[in-house]
Amino acid sequence: MKIAVACDHIVTDRKNYLVNYLKEKGYEVIDCGTYDKERTHYAIYGKKAAEKVVSKEADLGIVLCGTGVGITASATKVAGTRTVLARDISTVAYARKHLNANILGFGGRITGVGLMENMVETFLDTKFEPTNEDLEVIKKLDSIAVTREDQFKNEHFFDEFLEKWDKGEYHD
Ligand code: RB5
């Protein structure tokens, strides 16, 4: 199974730990970055990981920023994603089993290593076992999303913001 992983600069160390953890368990990992601690924005990396999942280059995605909120919100904007922002095992299991969640998000600063490992294991091990109602709900949810071709895999989509951040207009 191939997993796309992404983070922002706040939690690069934790992402690197996660990448090694997944590799040791035999998963293939697409590390979408960020790769260092230079200030950047979670939206760039959430979008990248989500696009890997939606284009089927990866089977599932895992995204983390400080709280998990920003990068999960960014990933879920990509049509075809079903994300879960989680802080407990039950939420992760429900999201996989009933909603076929394809991206797990969590806060790298606010989640202990043990809980992170357990949530990741639950996310990767839980099978999608939908009821008929689940299937109807998922179909409806998926139909909300709209694909914008001008942004999908557009490397320049964030250029304007990156310029502003380079000028120091962005603050953590
Ligand atoms: C830093 O950009 C911080 O806002 C981010 O890591 C995250 O916590 C947002 O949800």
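Counting restarts for each chain, with residues numbered from 1 along the sequence as it is written. Side-chain atom pairs in this predicted model are given and counted only at pLDDT of 80 or more, local residue features only at pLDDT of at least 70, and totals for whole chains, interfaces and linings cover all residues. Excluding hydrogens and water, the side-chain values take into account all heavy atoms of the structure.

**Quick word on the overall build of the chain**
Looking only at helices and strands, the chain features 7 helices and 5 strands. When the helices and strands of the chain are listed from N to C terminus, the series reads β-α-β-α-β-α-β-α-β-α-α-α. Its C-alpha radius of gyration of 16 Å places the chain within 12% of the 16 Å reference for a compact globule of 172 residues. Viewed in the frame of its principal axes, the chain has a C-alpha envelope of about 50 × 35 × 25 Å. Put simply, the chain has 172 residues, and 45% of those count as buried. Partitioning the contacts of the chain with sequence separation of at least 6, the portion at a separation of at least 24 is 72%. Every helix listed is a DSSP run of H or I at least four residues long, and every strand listed is a run of E at least two residues long, numbered separately from the N terminus. For this measure, only C-alpha atoms enter the radius of gyration; the expected value for a globule follows 2.2 Å times N^0.38, where N is the number of residues. Only protein chains enter the area calculation, which uses a 1.4 Å probe; residues under 20% of their type maximum are buried, those over 50% are exposed, and those in between are partly exposed. Residues are treated as being in contact if the distance between any of their heavy atoms lies within 4.5 Å.

**Quick word on helix α2 (residues 42–54)**
A rise of 1.5 Å per residue sets the reference length of α2, with its 13 residues, at 18 Å; its end C-alpha atoms lie 18 Å apart and thus fit the reference within 8%. Taken as a whole, α2 has its buried residues at Ala-43, Ile-44, Tyr-45, Gly-46, Lys-47, Ala-49, Ala-50, Glu-51 and Val-53. Contacts from the buried residues of α2 go to β1 (2–7), β3 (60–65), α3 (69–76), β5 (103–107) and α7 (159–166). Given a helix with a known number of residues, its expected span is that number minus one, times 1.5 Å.

**Quick look at the site of the ligand**
Surveying the vicinity of the ligand reveals 10 residues, the closest of which are Asp-8, Gly-66, Thr-67, Gly-70 and Tyr-170. Measuring from an oxygen atom of the ligand, one finds a side-chain N or O atom of Thr-67 at 2.7 Å. In protein, a polar contact means a hydrogen-donor-capable atom and an acceptor-capable atom, both N or O and within 3.5 Å, with residues adjacent in sequence counting only if both atoms are side-chain atoms; elsewhere, any N or O pair within 3.5 Å suffices. Gly-70 has a polar backbone atom sitting 2.9 Å from an oxygen atom of the ligand. For the ligand, whose unbound accessible area comes to 290 Å², protein coverage reaches 79%. Side-chain classes follow a simple rule in which Ala, Val, Leu, Ile, Met, Phe, Trp, Tyr, Cys and Pro form the nonpolar group, Asp, Glu, Lys and Arg form the charged group, and the remainder, Gly included, forms the polar group. Classifying every residue of the shell around the ligand gives 5 nonpolar, 3 polar and 2 charged. Here, proximity means that at least one heavy atom of the residue falls within 4 Å of the molecule or strand. All accessibility values rest on the Shrake-Rupley procedure with a 1.4 Å probe; residue burial counts only the protein chains present in the view.

Purely spatial values, then, with no claim about function.
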